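Observations on chain architecture
Below are the chains, spelled out letter by letter.
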Amino acid sequence: MIQRIRNRLSDNTFLLFITICLFIAMYIAGIIIYRDNNFGRFQVFLNLFISNAGLIVAAVGMTMVLITGGIDISIGSVVAMTCMLLAWMMENKNIGALPAIIIVLLIGIVFGLVQGWLIAYLKIQPFIVTLAGMFFARGMTAVISSDIISIKNETFLAIANAKIYLPFGGYLNRKGTMVYPYLYPSVIIGIVVLILIYMMLKYTKFGRSIYAVGGNEQSALLMGLNVKRTKLKVYVLNGFLAALAGFVFCLNTSGGFVEQAKGFEMEAIAAAVIGGTLLTGGVGNVIGSLFGVLIKGTIETFITFQGTLSSWWTKIVIAALLCFFIILQSILVFTKHKRRKAIT
Amino acid sequence: MMKVKQVLKRVTKHSLFFPLTCLAIVLIINLIKTPTFFRISLNNGVLYGYMMDILNRSSELIILAVGMTLVVAGSGGTDISVGAVSSVAGAVTIFALVGSMSSDTYRMPYGLAVLLGVLAGMVCGAFNGFLVAKLRIQPMVATLILFTAGRGIAQVITQGFILYVRKEQFKYLGNFIPGVPIPTPIFIATIVVVITVLILKKTALGLYIQAVGINSKAARLVGLNSTLFTFLVYTFSGLCAGIAGMIITSRVYSIDANNAGLNIELDAILAVAIGGNSLSGGKFSIAGSIIGAITIQALTTSLYAMKVTADQLPVYKAIVVIIIVMIQSTELKRMVKSLHHKFLCSRERRWAK
């Protein structure tokens, strides 16, 4: 029986399967442990999405980059720069919300273009290039302004605080009125990005060539794929997604400051790895990354519900999970290697 | 004439040419901006001056860069956890000394506490080494675990407080020993460098690490235990991070788990890159990395002197990194060469007409 399931699931989906099981197990455990605190409410589940919408967008972009065998550690700083730019343009320069958002997204694309060119065409290690990008964006945030700017633009706040009520999953409160769970537009953006990138990776030529390039660059080249251009496109798209993640992040925080979103890139990488993306490239799935983000959110929710634990435990638990999944990956790759050897 | 050209070529081809040029550029810019840059004066029995400051501040960076050089050489990867590990080491030492309350009396001998801290660094390094060498995980990813968890662990040790050691002797390691005009960190850095170089030169270890870094499979076939060398290299990097952690905590006689050695891993990697070491492993030069570390500290100090705030500093560092990697890129050289070739061809064609 187990063998049959094991055969049907390839190694990649097996990792995804473990992640989903882990998430469900954690969530059920949460419902049982914190049943007095209404952990089981649908709204608590939706809050996972609300507080991590930006991370979902960023993790989707990161997954794509990791599939090509690269890495992008600049996105945390790009998010901070985006938030700061948005706040600065709207508050200090009186630029409307819509133009500001468009400018910010364009800057993200340019940022991705430069990094992508250096990585794809000059063949500099992605880690070093994006390290420089990380420095640059973080520094630029401080150059724009070293103050904390909070956004008071009405259009922007209207978008940020528009509650979208769901027609189901409500509960009766003490007064006997039905309270329906709600979402913010940021979540919608996150989900739409997730679905679009999922479709792109699965069904378009570009998406398939990303996997091919990550799997084996030499073979992809011999197959006639334009490896350099594919990589460039991926980094450009990732730059755009990082800026979009910044916008979504900003919808939640409504402000910009220099130290914002520190360690965001590591959270995105951790989410992707927990979701079954192989860091050697060629294997990965954005759905897995979504679950990676949700697991991180669940740990945070546990810690808030517990009340006495400090926030640094999140870091430790995430690192422990990361460690577990990385070791699991390495074992899977190892056994696969062995199996292949046994066949030949 | 030919001889001058040959000499020039030999000078520019030398492995230390690039890092020394970088350092020279930074220093010359400084000299133009502040003419008193090289002046060193004796105040209160202690040496003062920009140069002393740069050397003093670059000590921990030099120590980390030495460890990082070996990691890069032996595994072709980087250890991004060193900053977090030095924070852990500092937290362990201070916790061992004063417990979870700031205080002015030691609970145990100072030497033992320092030993414990350095040992904690080594254990972290060994953990990284185990993941990279034994489980064959990419270095960046393996060290990502401690990068994420390290500061959390340090927080758990200090229980989220900033712990102070209010004792004069504790400051000696990171500042001055009374009666000695040169800052103590410089001595420590020198000792670490000398011991490392002696071990690498007097034994075949340096050669082995290079062999493993160039091609670990080939090294194994020759009979070297590549797994062991990779493991050792990471443990050594952890040891260096532990020593650096001692200096960092002693400088401010306290441990702030969130900020001790923040972003120092990036500077250490940068130092290795400026030192002319290839980041994909293999041949390495400790001297280059040391010059790289001093260059970065000189850059940082001079930017501070030019009234650049700490937040804005990364912009300049980023520009420097990009320029350096572009200079080192063989791909760019080829591009320029092909452009030049095209230009020559078109000129010839024009002449032919």
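The notes below deal with the structure included here. (Residues numbered from 1 in each chain as written. Chains lettered and ligands numbered in written order. Predicted model: local features only at pLDDT ≥ 70, side-chain atom pairs only at ≥ 80, totals over all residues. Heavy atoms only, no water.)

For the rest of this paragraph, the subject is the overall build of chain A. On a plain count of helices and strands, chain A comes out with 15 helices and six strands. The C-alpha radius of gyration computed for chain A amounts to 21 Å, which stays within 12% of the reference 20 Å derived for 344 residues, consistent with globular compactness. Projected onto its principal axes, the C-alpha positions of chain A cover 70 × 50 × 35 Å. Expressed as a percentage of the 344 residues in chain A, the buried residues total 53%. Taken as a whole, chain A presents about 15700 Å² of accessible surface, with 66% of it coming from carbon and sulfur. For chain A, the distance from the average site of its 27 positive side-chain charges to the average site of its 11 negative ones is 14 Å. (Helix = DSSP H or I, 4+ residues; strand = E, 2+ residues; numbered from the N terminus. Rg over C-alpha atoms; globule rule 2.2 N^0.38 Å. Buried < 20%, exposed > 50% of the residue type's maximum accessible area, 1.4 Å probe, protein only. Areas by Shrake-Rupley, 256 points an atom, 1.4 Å probe, with all protein chains shown as cover. Lys, Arg positive; Asp, Glu negative; His and termini not counted. Charge placed at Lys NZ, Arg CZ, Asp CG, Glu CD.)

The next subject is the side chain of Thr-68 of chain A. You can see Thr-68 of chain A is positioned in the loop between α4 (53-67) and α5 (75-92). Among residues more than four places away in sequence, those in contact with Thr-68 of chain A are Ile-210, Gly-214 and Val-234 of chain A. (Contact = heavy atoms within 4.5 Å.)

Residue and element names in this part refer to chain B. Side chains of Lys-9, Lys-13, Lys-333 and Lys-337 sit close together on the surface and give a patch of like positive charge. When you line up the elements, Lys-337 lands in helix α15 (residues 330-352). Judged by its relative accessible area of 64%, Lys-337 is exposed. (Patch = residues over 30% accessible without salt bridge, like charges linked within 9 Å, V, L, I, M, F, W, Y side chains within 5 Å. Salt bridge = Lys/Arg side-chain N within 4 Å of Asp/Glu carboxyl O.)

In total, this model carries 18 aromatic pairs over all chains according to the counting rule given. Measuring from ring centre to ring centre gives 6.0 Å for Tyr-165 of chain A and Tyr-182 of chain A, while their planes differ by 65 degrees; the resulting arrangement is edge-to-face. Of this pair, Tyr-165 of chain A sits in strand β2 (residues 164-165) while Tyr-182 of chain A is found in strand β5 (residues 182-183), placing the two residues 17 residues apart along the sequence. Among the aromatic side chains, those forming a connected cluster through ring pairs are Phe-23, Tyr-27, Phe-42, Phe-45, Phe-49 and Phe-291 of chain A. Across from the ring centre of Tyr-182 of chain A, 4.4 Å away, lies the NZ or CZ of Lys-163 of chain A, which sits over that ring. The lysine or arginine in question, Arg-107 of chain B, covers the ring of Phe-95 of chain B, its NZ or CZ lying 5.4 Å from the ring centre. (Phe/Tyr/Trp six-rings, centres within 6.5 Å; stacked < 30°, edge-to-face > 60°. Lys NZ or Arg CZ within 6 Å of the ring centre and 35° of its normal.)

What follows covers the interface of chain A and chain B. A common measure of how large an interface is: the accessible area buried when the components associate. Listed by partner, the interface residues are 39 residues for chain A and 44 residues for chain B. Counting the surface lost from both chain A and chain B, the interface buries some 3500 Å², and carbon and sulfur atoms represent 82% of this. Between the two partners, chain A and chain B, sit zero salt bridges. Elements that contribute at least two residues to the side of chain A that touches chain B include exactly α6 (97-120), α7 (126-144), α13 (264-274) and α15 (312-343) of chain A. Among the elements that line the side of chain A that touches chain B, the one with the most residues is α7 of chain A, at 12 residues. When its residues are assigned to classes, the side of chain A that touches chain B shows 29 nonpolar, five polar and five charged. (Buried area = accessible area lost by both parts, 1.4 Å probe. Nonpolar A, V, L, I, M, F, W, Y, C, P; charged D, E, K, R; others polar.)

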